[in-house]
Amino acid sequence: MLRPSDRRTRMPFRPRLCPARRNHRERGLWTGAAFAVLVAGLLGACATPRLPAPPKLIDQVAPPGFPADVRFLSDDRDYIVTHIGRAVRGLSVIAHGPIRILAVSGGGAGGAFGAGALYGLARSGRRTDYQVVTGVSAGALLAPFAFLGPSWDSQMKGAFDSDRTDHLLQRRPWLGFLLHPGIYSRGPLRALVDHFVTRKLIRAVAAQSRKGRLLLVATTDLDKQESVIWNMGLIAQRGGPAARKLFAKVLIASASIPGVFPPVLIRVQGGGKTYEEMHVDGGTTLPFFVASNMADVLPLHLPQLEGARVYVIVNGQLSTYPRTTLQEPMAVLSRSFSAALMHASRRALVLASVFSRHFGMHFRFTYLPMTYPFEGSLDFKYANMHQLFQYGERCAESGRIWTTLTQAINEGQRGATQLPRMSFACPGAPGHLLH
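It should be emphasised that the depicted structure is a prediction, and the values quoted were computed from it without experimental measurement.

What counts as what
- Residues numbered from 1 in each chain as written.
- Predicted model: local features only at pLDDT ≥ 70, side-chain atom pairs only at ≥ 80, totals over all residues.
- Heavy atoms only, no water.
- pLDDT = per-residue confidence, 0-100.
- Contact = heavy atoms within 4.5 Å.
- Axes fitted to C-alpha atoms, helices over the stretch in contact; angles between N-to-C directions.
- Helix = DSSP H or I, 4+ residues; strand = E, 2+ residues; numbered from the N terminus.
- Parallel < 35°, antiparallel > 145°, perpendicular 65-115°, else oblique.
- Left-handed = near helix turned anticlockwise from the far one by under 90°.
- Nonpolar A, V, L, I, M, F, W, Y, C, P; charged D, E, K, R; others polar.
- Disulfide = S-S within 2.5 Å.
- Buried < 20%, exposed > 50% of the residue type's maximum accessible area, 1.4 Å probe, protein only.
- Core = buried A, V, L, I, M, F, W, Y, C linked by side-chain atoms within 4.5 Å.

### With respect to the confidence of the model for the protein
In regions of low pLDDT, the predicted coordinates are not meant to be interpreted in detail.
For step 1, the next point in the chain: Taken residue by residue, the protein gives an average pLDDT of 82. The fraction at 70 or more is 80%.
For step 2, the next point in the chain: The low-confidence segment residues 431-435 (pLDDT under 50) makes 15 contacts with residues lying over four places distant or belonging to another chain.

### Things to note about the packing of helix α8 (residues 187-196) against helix α11 (residues 240-254)
For step 1, the next point in the chain: Between α8 and α11, the shortest axis-to-axis distance is 10 Å and the interhelical angle comes to 135°. Considered as vectors, α8 and α11 are oriented oblique to each other. The interaxial crossing formed by α8 with α11 has right-handed handedness. Facing α8, whose interface residues are Leu-189, Arg-190, Val-193 and Asp-194, α11 presents Arg-244, Ala-248, Leu-251 and Ile-252.
For step 2, the next point in the chain: For the contact of α8 with α11, the residue count by class is five nonpolar, no polar and three charged.

### So, the state of the cysteines
For step 1, the next point in the chain: Taken as a whole, this structure holds one disulfide when the rule is applied.
For step 2, the next point in the chain: With its sulfur 2.1 Å from that of its partner, Cys-395 forms a disulfide with Cys-426. Residues Cys-395 and Cys-426 share a disulfide whose torsion about the S-S bond is about -90°; that sign makes it left-handed. Taken together, the residues span a long stretch of sequence, with Cys-395 in helix α13 (residues 382-397) and Cys-426 in the segment after α14 (405-416) at a distance of 31 residues.
For step 3, the next point in the chain: Here Cys-395 falls in the buried class, since its relative accessible area comes to 0%.

### A look at the nonpolar core
For step 1, the next point in the chain: One finds Leu-102, Leu-118, Met-232, Ile-235, Phe-247 and Leu-251 to be the most contacted residues of the largest nonpolar core, which totals 81 residues.
For step 2, the next point in the chain: Apart from residues no more than four positions distant in its own chain, Leu-118 is found in contact with Leu-102, Arg-127, Tyr-130, Leu-142, Ala-146, Asp-153, Met-156 and Ile-313.
For step 3, the next point in the chain: Formed by 37 residues, the second largest nonpolar core is a distinct cluster that contains Tyr-79, Leu-91, Val-314 and Leu-318.

Structure follows, in structure tokens:
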């Protein structure tokens, strides 16, 4: 009921709370504010502190016990001209013919496609030895097996075509996410890497590295916001637990998709000081790498590269059909990651093609056609990865795995004018059996 004063002034009626109710509401507000302050304080107190990053973009720092040239920035001109040029000249001695380079891209669950392709090439007798193997993200996990050859295919199949991937995405409590950025725990990814990065694998990589072969893996240094290329062979040559630990840590870092998995801190030393670098997925800055970002700094005349064979495995699609994206965090994250990778892969393929043509190299690549029912980079369900592995294996065995830019562009243009049709047509055509 309105009081007389309310009727005269036509002011809206505001009921007066009794003191008990008013105090209860005020206590609730103060309790909520106090809880927020407490949580903020706990996060600041409990978050693991890290050491500062190295202050210079290019500096002589390295993990303790390892030489400074164990890794380099992708645009470090001096390192590339001095070390990579010398390495390329040495590769022609061990190649016994044209140098063969394999670059494996990121793509999360799409890595099962690349693993299946290599497995099928070996079964058909078309698998070759690669003097240089590079890997990014999921491709980094695949690269050591590709580097060591078909005798390690059973381990490769166990990593990419087994139920070990079913539990790769293990959600963390919300408080854990605030303390350590990453929706999912690093534990399952670390367990997967630790299982396959054995002392035997380290010794095998070291032995091949001593012959002059190169195994390179990319991570992204968030502090520098630059790509870092790690010479995994040099790490392996160090030997012992330290080599195995750093080897595994680099692989985990390269596969740690930002926001999905926590970043990896790598301790380095230099100038009598100790620092920490924060590394994440190499695909953040490089979808894959051959040497396209080095083309303008390498010597103009490298006869050892003339006639070389360059193969690129793109563990994802270069174009897709429109699909309604669910308004869910993981759906948006997965589609965003796939879109970024897809467009970056297109640009990198063009650059790799230009680089190869400049040095007279033969360039082929493979990828997932838009007609393949790919569920995305974060779909680690074993049933889908098994199907993807078998698809790559079948296409490679039948000689329809490698393709060219012209073929891929034509396939994309045809698909863009047609309704979606999910099929298992292979990316290549008979005749592109580059050995």
